[in-house]
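Fold and contact review
As a plain string of letters, each chain reads:
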Amino acid sequence: MGTPADHLDTLLKETRSFAPSSEFQGNANFNDPSIYERALEDPEGYWSEQAKHLDWFTPYTKICEWNPPHAAWFSDGTLNATYNAVDRHRATYRKNKAAILWEGEPGDRRVLTYDMLGREVDRAAHMLASLGVKKGDRVAIYLPMIPELPITMLACAKIGAIHTIVFAGFSSSSLRDRILDADANVLVTADAGHRRGGIIPLKANADDAVDGTHVKTMVVVNRVGAPSGATMTEGRDVAWETLMAEMPNTPYPCEPMNAEDILYILYTSGTTGKPKGIVHTTGGYLVGANTSMRSVFDLKDDDVYFCTADIGWVTGHTYIVYGPLTAGATVVMYEGAPDFPNRDRFWQIIERYGVTIFYTAPTSIRTFMKWGPQHPAAYDLSSLRLMGTVGEPINPEAWMWYHEHIGHGNCPIVDTWWQTETGCAMIAPLPGLINTKPGSATRPVPGISVAVFDEHGQAVQPGSGGYLVITKPWPSMLRTIWRDDERFAKTYFGQFQGIYLPGDGAHLDEDRYIWILGRIDDVINVSGHRIGTMEVESALVDHKSVAEAAVIGRAHEIKGQAITAFVTLKEGVVASPELVAELKQHVVIQIGAMARPEEILFTAELPKTRSAKIMRRLLRDIAEGRALGDTTTLADPSVIDALKSQYQDKE
Ligand code: 6R9
């Protein structure tokens, strides 16, 4: 890994290429190469063909309406996400097929067939309705990776309520911000969650979070029990188990949703301190999620599919819930950490359930590399036939390790580039059709138009780099930012007219393969989690001792990037190791553990240009120990020497 420039150097030297076996190719769902050409010539025709894999209550007659930056897809069709993900399977041979094979961190297990899942979802829909939840209302969900999480999502979708899931690793203050922005009045949470043998006090966080919001009811799942120390507030809190037991054992009718009705809001970090509520609608999103399950993941009815993401992130929304379930898959869902109780937990799960498709993040692969190949080697992983990665660029070394030690050379690897905003995988190989190259997400999937632009908005020639862009609308694209359409237009369509700008840099090689180089904005990618530098800076400045803060992402061997914070203290405050610890903790309290700075450096002044802009590039150079670039625009060059010597002292 490293900076985009270092990363590019390594990537450009990469010449290995891997073709799928003829057996894989022969059996692949997508094995006719002309699909690329056909989709390019007629993307709407392609998407409409894919949309037939969903059940529509009212068939659509319109495919795409594009009034940049606003798109509508299938806008006169109606359907229901839960009908497609659960109910329609209950009426087929899939009725008793396992939908979710769940394993808790302490070792407890639960199997939910499609029919059982459907019954739970019906009950949960009755429950939400009994609390007054209606179509269009927002329901906030703050749950660990337990079956009640997909059950609640699907219950919302059945009613037509909009879910907004907040990852259980977020702090109470992040949870509050999201509840307020979405204006949710019901929160579903748990007493606590299990994580690496410890307990995450979700209910206590939720209690703090709902103060001053419009949350009238909190439904609390009993996950951990007495050790959680959770207490219930009379008149506001209700136990999930009590309420569910009171509900009728009857089907809850699926609300017919217009294709453009909102399915969910999911918050993600941007370049300002305020997270963006990414809005996904029902029809187009489901078409994207469902199509990629069949194309990129080559899903078949007998697959056992395991995605290690948390449902609190978009990967879990699309590739644990909506994608695999609409495609009728058997999904393995695991609650906890990969190293609890031992470092072999994932391999044990793959062997136990006979997992055939495995999807994880590069940061996890680098961690497995560090732990050593003896852990996977102790298990029978021969059921695997396809593997994927997501969340950040994968370095060729990690790709090769994954290929050899997990896939035993037999599994195509799909490196899937996409974002919360794109809804589903956009650049990824179709595993039966595309030769893979370690470190490249390869080509856009059929129906997606991608280019690499220079700063003038011209497509670059093969052999060059620039801004990654998406030049045409696609079904699962975000429709807007919740209650901030102006920000939506400016952030994603402000640079090039009518062209979507994801915020990533990319290189196009001579074979027109795309190599993603990482973010080009003020967003840091720590272990695949998007964190805005401004969010961390605001959290630091919120501390009474801090005058000013500048935050950058530096290269990190395992995490991809780590957060380094440069802090100037208020007059009279003395720097100390205790203060460093206190400030790190302050960020954890403000945002969540994933935003904890790796290091904090105190400085009398931050390096600024004469126009008072913080020179982040310079800070990155210092943090990564590189020779310093151009400092001629710096207002006070002595600032750099002081910072540099401090950084060296630290090492
Ligand atoms: C799905 C997800 C999106 C950002 C994206 C990019 C990075 C994701 C990647 C990748 C290189 C891949 N990213 N997948 N970079 N190769 N295969 O991760 O969504 O959390 O919104 O993050 O992650 O920088 O812009 P999200």
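Conventions we followed
Residues numbered from 1 in each chain as written. Predicted model: local features only at pLDDT ≥ 70, side-chain atom pairs only at ≥ 80, totals over all residues. Heavy atoms only, no water. Phe/Tyr/Trp six-rings, centres within 6.5 Å; stacked < 30°, edge-to-face > 60°. Buried < 20%, exposed > 50% of the residue type's maximum accessible area, 1.4 Å probe, protein only. Lys NZ or Arg CZ within 6 Å of the ring centre and 35° of its normal. pLDDT = per-residue confidence, 0-100. Helix = DSSP H or I, 4+ residues; strand = E, 2+ residues; numbered from the N terminus. Polar contact = N/O pair within 3.5 Å; in protein donor to acceptor, adjacent residues only side chain to side chain. Contact = heavy atoms within 4.5 Å. Near = heavy atom within 4 Å. Areas by Shrake-Rupley, 256 points an atom, 1.4 Å probe, with all protein chains shown as cover. Nonpolar A, V, L, I, M, F, W, Y, C, P; charged D, E, K, R; others polar. UniProt positions renumbered as here; feature names shortened; annotations may be inferred. Core = buried A, V, L, I, M, F, W, Y, C linked by side-chain atoms within 4.5 Å. Pairing = 2+ DSSP bridges.

A few words on the packing of aromatic side chains. Across all of its chains, the model carries 36 aromatic pairs by this definition. Summarising the aromatic geometry, the rings of Y46 and W47 are spaced 5.0 Å apart at their centres and angled 70° between planes, so their arrangement reads as edge-to-face. Residue Y46 is classed as buried on the basis of its relative accessible area of 4%. Among the residues examined, W47 registers a relative accessible area of 3% and is labelled buried. Cluster of aromatic residues (ring-pair linked, three or more members): F306, Y334, F346, W347, F358, F368, W371 and Y402. The aromatic ring of F170 is capped on one face by R178, whose charged end is 4.3 Å from the ring centroid. The positively charged end of K437 is found above the aromatic ring belonging to Y513, 4.3 Å away from the centroid.

Residues at a pLDDT of 70 or more form 97% of the chain, whose mean pLDDT is 95. Per-residue pLDDT, averaged within each element of the chain, yields its smallest value for helix α1 (residues 4-12) (68) and its largest for helix α7 (residues 148-159) (99). The ipTM, which scores confidence in the relative placement of chains, is 1.00 for this predicted complex, and the corresponding pTM is 0.94.

What follows covers the side chain of R88. For R88, the location among the structural elements is in helix α5 (residues 81-90). Judged by relative accessible area, R88 falls into the buried class, the value being 13%. A polar atom in the side chain of R88 sits 2.9 Å from the backbone oxygen of N84. Of the polar contacts made by the side chain of R88, one reaches the backbone oxygen of T326; its length is 2.7 Å. Discounting residues that sit within four places of it in the chain, R88 has contacts with H53, L54, D55, Y83, N290 and T326.

Taken together, 17 residues sit near the ligand, with D415, T420, D504, R519 and R530 positioned nearest. Here an oxygen atom of the ligand and a side-chain polar atom of T420 are 2.5 Å apart. Here an oxygen atom of the ligand and a side-chain polar atom of R530 are 2.8 Å apart. In isolation the ligand exposes 540 Å². Once the protein is present, 97% of that is buried. At the level of secondary structure, the elements contributing two or more residues to the shell around the ligand comprise α12 (314-326), β20 (413-416) and β25 (514-519). Across the shell around the ligand, the residue classes break down as 6 nonpolar, 6 polar and 5 charged.

Taken from the UniProt record, the annotation "binding site: ATP" (unreviewed entry) applies to G391, E392, P393, D415, T416, W417, W418, Q419, T420, D504, R519 and R530. Along the chain, W417 falls in the loop between β20 and β21 (450-453). Classification of W417 by relative accessible area gives buried; the value is 7%. Its place among the elements puts W418 in the loop between β20 and β21. By relative accessible area, which is 9% here, W418 ends up buried. Among the polar contacts listed, one links the side chain of W418 to the side chain of Y359, at a separation of 3.2 Å.

Checked against the element boundaries, E421 lands in the loop between β20 and β21. Within the structure, E421 has its side chain in polar contact with the side chain of Y492 (distance 2.6 Å).

Here we take up the nonpolar core. Soluble globular proteins tend to bury their nonpolar side chains together. In terms of nonpolar packing, the biggest core is built from 160 residues, with L117, F297, Y305, Y319, Y322, L540 and V567 touching the most fellow members. Broken down by element, this core gets its largest block of residues, 8 residues, from α7. Contacts of V567, omitting those with residues within four sequence positions, involve L540, V546, E548, A549, L583, I600, L601, F602 and T603. Listed in part, the 29 residues of the second largest apolar core include Y334, F358, Y379 and I413.

Moving on: the pairing of β21. The alternating pattern of β21 places V450 and V452 on one face and A451 and F453 on the opposite face, and all of these are buried. Summarising the sheet, β21 and strand β22 (residues 464-470) pair through 4 bridges and their orientation is antiparallel. Paired with A451 across the bridge in β22 is V469.

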